[in-house]
Structures are given as structure tokens and as C-alpha cells.
Amino acid sequence: MYQFVLDCEWIVMQNNFRQIENILSSSNPIAEIQLHKDEFFEFIDRYMVGCEHKNFHSEGDVWEHTKLVIQNVVAEEHDWMDVLVALLHDVGKKDALQRNNGKNMQGHEIEGARIALEWLVKMNFDRKIREQVLWLICNHMKALDLKVMRSKYDIWQLVKHPLFGRLRHLACADCKATLDAEGKPHDDFEEILKRPIVAECLENEMPVAIVEADDFASQKWDDIRVENALVFCHKMQINGGVLSKESLIRAAIKTIGGSNG
């Protein structure tokens with residue numbers, strides 16, 4: 001009997017997932033989302049409707065903004081996952097606003113990832129999809145940081161990520177839907193990508209790291225400290241132009257070895 005109940009629950013979850021995929025794949029996903037809001041998307045009323053800040057989103061509350069983002073996403077070539085990410089990308093703003101005493105919505109991408117994960121698990125999305133959606137939510141504000149980012153290492157890490165194509169699609173749609181008091185977009189993401197340092201990283205491959213994990217074998221470090229050392233060396237190699245392997249290793253041992261990891 002217990003196994004029968006589990007089997008029934010699994011079938012229901014699978015049906016939920018397929019229904020959600022069909023909703024997001026429809027020709028009018030916003031209408032379908034609103035039609036099934038109470039059934040599948042209860043987070044909209046809980047976290048988006050009525051969540052506003054006088055300095056953000058003259059287009060309305062988070063839900064009005066999100067609808068505009070979805071409209072911009074579906075106006076270009078897309079799939080259901082692009083719509084899913086657009087739907088969830090700002091779900092953490094209400095909690096961030098409360099945590100920041102109503103001053104701003106900083107950190108909403110972290111709050112959003114937490115809320116989104118809970119919902120994705122509940123709706124039986126598989127692990128790979130969950131990981132991709134959470135990466136996109138966590139990095140959608142970092143995409144906008146490309147307009148001021150100076151570290152080539154950090155830029156390369158972002159623009160060469162396998163999911164950057166989806167992030168670019170989201171960021172373009174998000175910028176078009178984030179309006180100033182005159183109803184004009186604050187930013188144009190494609191223009192941000194034309195910034196010389198960003199364009200250079202987009203056009204060229206990230207230099208291969210010249211320091212490897214084995215170079216720290218004698219230090220008897222744990223995996224976390226070794227990884228920190230490798231990142232430190234690669235950043236120095238790219239941002240500082242240090243091309244001496246020995247110099248990078250010495251600097252890492254002094255910096256990483258002398259810290260608490």
C-alpha cells in the first residue's frame with residue numbers, strides 16, 4: 001500500500017512537470033501562467049504582486065516587470081526554459097527588501113535562488129534543470145556588472161560559461177523591461193557587451209592556466225585551499241600579466257598558505 005501511494009505521488013509530480021513545461025512552451029505563456037497561477041505558480045502572489053520600491057521599476061511591481069521580461073524573451077528565439085528563468089529571476093526581491101529594511105533589493109538573486117530551489121524541487125524538476133536555473137538566477141545581476149567590471153578573469157569566467165547564451169537572452173530582456181521615470185530602459189545589454197574589455201573577452205578564448213594542482217602537492221593542502229590557490233594564480237596570470245609559473249606559485253603559497261583558507 002505504501003509503495004502504491006509513492007507511485008501515485010510520483011505520477012502526479014511527473015504530470016505537474018509536463019503541465020508546467022506545456023504552459024511555458026505555449027504561444028501566450030503569460031496568459032497560461034495566470035490561468036494556472038493558483039495551481040502551480042503560487043509564488044507570484046506571495047513574492048511578486050505588490051512588491052514595489054520607489055527607486056525601482058517604474059513599470060510597476062515585480063510581477064508587472066516580470067511579465068514584461070517574459071514578453072521580451074518570447075519575442076526572440078527561445079524555449080520553455082528561457083521563460084522559466086524569466087518567470088523566476090526576481091522572485092527573491094520581496095524577501096531582500098524586507099531584509100534590507102525597505103532600503104533596497106540588494107541580494108535578491110540569492111534570496112531568489114533559495115525560493116526557486118524550493119519550488120523546483122516541489123514541482124519535480126530534475127537536478128540538471130535546477131542547477132541551470134539557479135545559476136542563471138544567481139548571475140543575472142552579475143551580467144549587468146559587465147558595464148563596470150574591470151577584472152578580465154571575472155569577465156571571462158562569466159562570458160565563457162556554457163549558460164552565458166541563456167544569461168545574455170535574459171539580461172537583454174530584463175534591461176528592456178527595467179524602465180526609468182520616462183518609461184525608457186535604464187540599460188541596453190547589447191551595448192554593454194560592446195564595451196572594449198568585454199568585447200575582447202567575448203571574441204577571444206580565456207588563457208589556459210599555467211599553474212596546476214600538482215604544483216602545490218608539497219604543501220599538503222586540502223582541496224579547498226588548492227582550488228583557492230589555483231584561482232589566485234589564474235587571476236594574477238590574466239589580470240596582472242604574470243607569466244612566470246614560479247612567481248605565481250610563490251605568491252600563492254605566501255598568500256593562500258598564510259591565510260585560513
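Before reading on, note that the structure itself is shown above.
Now for a look at the structure at hand. Since this is a predicted model, take the numbers as computed values, not measurements.

**So, the pattern of salt bridges**
A complete count under the given rule lists 17 salt bridges for this structure. Between Arg-166 and Asp-79 there is a salt bridge, with the nearest N and O atoms lying 2.8 Å from each other. Of this pair, Arg-166 sits in helix H11 (residues 164–176) while Asp-79 sits in the loop between helix H5 (62–74) and helix H6 (80–88), and the two are 87 residues apart along the sequence. Under the relative-accessibility criterion, Arg-166 is labelled partly exposed at 24%. Close ionic contact of Arg-168 with Glu-190 constitutes a salt bridge, the shortest N to O distance being 2.8 Å.

**Topic: the packing of aromatic side chains**
With the rule as written, the count across this model stands at nine aromatic pairs. Ring centres of Phe-17 and Trp-80 lie 6.0 Å apart, and the angle between their planes is 85°; this geometry places the pair in the edge-to-face category. Note that Phe-17 is positioned in helix H1 (residues 2–25) and Trp-80 in helix H6, a separation of 63 residues in sequence. Exposure class is identical for Phe-17 and Trp-80. Each is buried. Aromatic pair Trp-80 and Phe-125: ring centres 6.2 Å apart, planes at 35°, arrangement tilted. Of this pair, Trp-80 sits in helix H6 while Phe-125 sits in the loop between helix H8 (108–122) and helix H9 (127–144), and the two are 45 residues apart along the sequence. This pair shows no difference in class: Trp-80 is buried, exactly as Phe-125 is. Following the ring pairs from residue to residue traces out a cluster consisting of Phe-17, Phe-40, Phe-41, Phe-43, Trp-80, Trp-119 and Phe-125.

**A short note on H8**
The end-to-end C-alpha separation of H8 is 21 Å, in line with the 21 Å expected for 15 residues at 1.5 Å each. What H8 keeps buried is the set His-108, Glu-109, Glu-111, Gly-112, Ala-113, Ile-115, Ala-116, Trp-119 and Leu-120. Immediately downstream of H8, the backbone of Asn-124 shows phi near 70°, a positive value.

**Considerations on the environment of Ala-229**
Mapped onto the fold, Ala-229 is located in helix H14 (residues 223–239). For Ala-229, a relative accessible area of 0% translates into the label buried. Sequence separation between Ala-229 and Trp-63 is 166 residues; the distance between their C-alpha atoms is 43 Å. Residue contacts for Ala-229: discarding those within four places in its chain leaves Phe-216, Trp-221, Ala-252 and Ile-256.

**Here we look at the side chain of Lys-37**
With respect to the helices and strands, the residue Lys-37 is situated in helix H3 (residues 37–40). Among the polar contacts listed, one links the side chain of Lys-37 to the side chain of Asp-45, at a separation of 3.1 Å. Ignoring sequence-local partners within four residues, the contact set of Lys-37 consists of Glu-42, Ile-44 and Asp-45.

What counts as what
Residues numbered from 1 in each chain as written. Predicted model: local features only at pLDDT ≥ 70, side-chain atom pairs only at ≥ 80, totals over all residues. Heavy atoms only, no water. Salt bridge = Lys/Arg side-chain N within 4 Å of Asp/Glu carboxyl O. Helix = DSSP H or I, 4+ residues; strand = E, 2+ residues; numbered from the N terminus. Buried < 20%, exposed > 50% of the residue type's maximum accessible area, 1.4 Å probe, protein only. Phe/Tyr/Trp six-rings, centres within 6.5 Å; stacked < 30°, edge-to-face > 60°. Expected span 1.5 Å × (residues − 1). Contact = heavy atoms within 4.5 Å. Polar contact = N/O pair within 3.5 Å; in protein donor to acceptor, adjacent residues only side chain to side chain.

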